[in-house]
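# Survey of secondary and tertiary structure
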Amino acid sequence: QEGREGKGIIYVFSAGNDYAQGSTTNYDPATNSRFTISVGAVGRNGKHSSYSEPGSALFMSAPGGDFESSTNHVTAKAGSDG
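Criteria and cut-off values
Residues numbered from 1 in each chain as written. Predicted model: local features only at pLDDT ≥ 70, side-chain atom pairs only at ≥ 80, totals over all residues. Heavy atoms only, no water. Helix = DSSP H or I, 4+ residues; strand = E, 2+ residues; numbered from the N terminus. Buried < 20%, exposed > 50% of the residue type's maximum accessible area, 1.4 Å probe, protein only. Contact = heavy atoms within 4.5 Å. Areas by Shrake-Rupley, 256 points an atom, 1.4 Å probe, with all protein chains shown as cover. Pairing = 2+ DSSP bridges. Axes fitted to C-alpha atoms, helices over the stretch in contact; angles between N-to-C directions.

## Quick word on the overall build of the protein
Each helix and strand counted, the protein has one helix and three strands in total. Helices and strands appear in the protein in the N-to-C order α-β-β-β. In the protein, which comprises 82 residues, the share counted as buried stands at 26%. Across the protein, the fraction of contacts at a sequence separation of at least 24, relative to all contacts at a separation of at least 6, is 47%. Carbon and sulfur atoms provide 53% of the accessible area of the protein, an area that totals close to 6100 Å².

Quick look at the structure:
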């Protein structure tokens, strides 16, 4: 309530790293809340990463760091078609 000069606080949470165990954001109170922004991860190919939890609570996905590469980033040039 006091953050950002009285405009409130923005909560951003990682979707989680337990995809292999079958976990989803749907059952996690921290990520499945209308008061939070839940962020998943995509791999080098722009598809779902090997660890990021799926779910209807995801607001967006961003480049992550999959196990097969420590330099796993998806980038695009401004104004490019791809």
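## Thoughts on the sheet that holds strand 1 (residues 11-14)
On the basis of which strands lie adjacent, the open sheet formed by three strands has the order 1-2-3 and parallel pairing. Looking along the sheet, the strands with just one partner apiece sit at the ends: strand 1 and strand 3 (58-63). Strand-to-strand twist in this sheet, taken as the mean axis angle between neighbours without regard to direction, amounts to 35 degrees. Note that strand 1 and strand 2 (residues 36-42) share four bridges and pair parallel. Looking at the pairing, serine 14 lines up with valine 39 of strand 2.

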